[in-house]
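Inside the fold
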Amino acid sequence: MAEVSNKRILFKEYITGAPKETDMVPTVGTIKLKVPEGSKGVLVKNLYLSCDPYMRNLMNQPIEGQESYILPFFPGHVVTGFGVSKVVDSDHPNFKEGDYVWGITGWEEYSLVPSTDALFKIPFTDVPLSYYTGVLGMPGLTAYAGFHEICTPKKGEYVYVSAASGAVGQLVGQYAKLMGCYVVGSAGSKEKVDLLKNKFGFDEAFNYKEETDLVVTLKRYFPEGIDIYFENVGGPMLDAALLNMRVKGRIAACGLISQYNLEKQDGVHNLFMLITKRVKMVGFLSMDHYGSYPEFVEKTRSYIKEGRIVYVEDFVEGLENAPKALVGLFSGRNVGKQVVVVARE
């Protein structure tokens, strides 16, 4: 049975505050390139790893009695997250050697995936495989389901997207434009604002870091109010959006990145607007909508092939640079979807 070296990134210890590169430790181990018989597991070679904001929450010390939708990181164990991989060996009837897959894997060169519940066979390889960490993977499904299924958009509605140049936001804005909506996005630099308007086709965009009063800012861009707010950041931005919602507006909340590194999170003060304006606000996870994946990937792939959707990726080469890439998310260092290249084949 062949045994090979296996570079890995281990989680060091639970943290408070902003994550640091030193919270994750590169190391080298070994792995057997054979799945144990009868295990129904899959052994994969990891090609592309996804850096996602939710991973910060997995670095916290678990609180007894507080439920989590995903297992936290364990000190001394390999970091886990979404990735694109190639099957090396399989003891599962639905996966065979040579298949390309995306789903939860380890931050390492090779991973033994004991449960395939969160593993998807890649249906189309006529687009870049890295797209399955983003536009055709978890972030894409988040954007598609959150916008279409939760926000139930109608042509001509007014849509606001925060963190709009990120993995999810850039897609929400483009789906909204395809629906015939008016779309405004916010981001944290001039480069990202230009990207929103000139590449992704947003009607307007602004740098939230340059604004002194977000309530006034949103009123300027939405004098008639907001029908749909796709929430990625939380905090003062959510408070400002609540005051600018239209009657029977909808808010889809998939992330609160402004809060993840705070020991004491910001309060939300304008929730009464949910009542007076009859606003629907729904928190959701992409895993709630896995049943929509075939429809989502078919439609979105078609949009990509037709040039109606474009997607920007920010590549970091080498597994050893994965900690730096993840930490960079929280200072806005990336432009587009942050992807770590472990191997291109």
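What comes next is a walk through the structure. (Residues numbered from 1 in each chain as written. Predicted model: local features only at pLDDT ≥ 70, side-chain atom pairs only at ≥ 80, totals over all residues. Heavy atoms only, no water.)

**Topic: the pairing of strand S14 (residues 313-317)**
Two elements, S14 and strand S15 (residues 337-341), share 5 bridges in a ladder whose sense is parallel. Directly across from Phe315, in S15, lies its bridge partner Val339. (Pairing = 2+ DSSP bridges. Helix = DSSP H or I, 4+ residues; strand = E, 2+ residues; numbered from the N terminus.)

**Some words on the packing of helix H1 (residues 138-150) against helix H2 (residues 169-178)**
When two helices pack together, their arrangement is captured by the angle between the axes and the distance separating the axes. Contact geometry of H1 with H2 gives a least axis separation of 9 Å together with a crossing angle of 45 degrees. Between H1 and H2, the angle falls in the class oblique. Along this stretch, H1 crosses H2, giving a crossing that reads as right-handed. Along the contact surface, H1 presents Gly140, Ala143, Tyr144, Phe147 and His148, while H2 presents Leu171, Val172, Tyr175 and Ala176. (Axes fitted to C-alpha atoms, helices over the stretch in contact; angles between N-to-C directions. Parallel < 35°, antiparallel > 145°, perpendicular 65-115°, else oblique. Left-handed = near helix turned anticlockwise from the far one by under 90°. Contact = heavy atoms within 4.5 Å.)

**Thoughts on the pattern of salt bridges**
Applying the stated criterion to the full structure yields 18 salt bridges. Taking the shortest distance from any N to any O, the salt bridge between Asp126 and Arg301 comes out at 2.6 Å. Taken together, the residues span a long stretch of sequence, with Asp126 in the loop between strand S7 (119-121) and H1 and Arg301 in helix H7 (residues 293-305) at a distance of 175 residues. A residue is classified by how much of its surface remains accessible, and Asp126, at 36% relative accessible area, is partly exposed. Connected via shared salt-bridge partners are Asp126, Glu298, Arg301 and Lys305. (Salt bridge = Lys/Arg side-chain N within 4 Å of Asp/Glu carboxyl O. Buried < 20%, exposed > 50% of the residue type's maximum accessible area, 1.4 Å probe, protein only.)

**Examining helix H3 (residues 190-198)**
Three or more residues of H3 are buried, namely Lys192, Val193, Leu195 and Leu196. For H3, the buried positions fall inside an angular range of 155 degrees around the axis, keeping them on one side. Facing away from the buried side of H3 by more than 90 degrees, the exposed set consists of Lys190, Glu191 and Asn198. Packing partners of the buried residues in H3 comprise strand S9 (182-187) and strand S10 (204-207). (Arc of directions from axis to C-beta.)

**Examining the packing of H1 against H7**
As a packed pair, H1 and H7 sit with axes 10 Å apart at the nearest point and diverge in direction by 100 degrees. Viewed along their axes, H1 and H7 adopt a mutual orientation that is roughly perpendicular. For the pair H1 and H7, contact is made by Gly140, Leu141 and Tyr144 and by Tyr293, Glu295, Phe296, Lys299 and Thr300, respectively. Considered class by class, the residues forming the contact of H1 with H7 number 4 nonpolar, 2 polar and 2 charged. (Nonpolar A, V, L, I, M, F, W, Y, C, P; charged D, E, K, R; others polar.)

**Comments concerning H2**
Most of H2 sits out of view: 8 of its 10 residues are buried. Buried within H2 are the following residues: Gly169, Gln170, Leu171, Val172, Gly173, Gln174, Tyr175 and Ala176. As for H2, its buried residues are in contact with H1, strand S8 (158-161), S9, strand S11 (226-231), H7 and S15. After H2 finishes, the residue Gly180 shows a positive phi value of roughly 85 degrees.

**Some details on empty space enclosed by the protein**
Applying the stated criterion across every chain, the model contains 1 cavity of 30 Å³ or more. Breaking the lining of the largest cavity down by element, the ones donating at least two residues are strand S4 (80-90) and strand S5 (100-106). Ranked by residues supplied to the lining of the largest cavity, first place goes to S5 with 5 residues. Along the lines of polarity and charge, the residues of the lining of the largest cavity split into 6 nonpolar, 4 polar and no charged. (1 Å grid on protein atoms, 1.4 Å probe; cavity = no way out; pocket = protein on both sides within 12 Å on 5 of 7 lines; lining within 4 Å. Points joined across faces, edges and corners; volume = space filled by probe spheres on them.)

**Thoughts on the side chain of Asn46**
Looking at the element boundaries, Asn46 is found in strand S3 (residues 42-50). On the basis of relative accessible area, Asn46 is assigned to the buried category, the value being 0%. Looking at Asn46, its side chain comes within polar contact range of the side chain of Ser111, at 3.0 Å. The contact partners of Asn46, leaving out residues within four places of it in the chain, are Val84, Ser85, Thr105, Gly106, Glu108, Glu109, Tyr110, Ser111, Val342 and Ala343. (Polar contact = N/O pair within 3.5 Å; in protein donor to acceptor, adjacent residues only side chain to side chain.)

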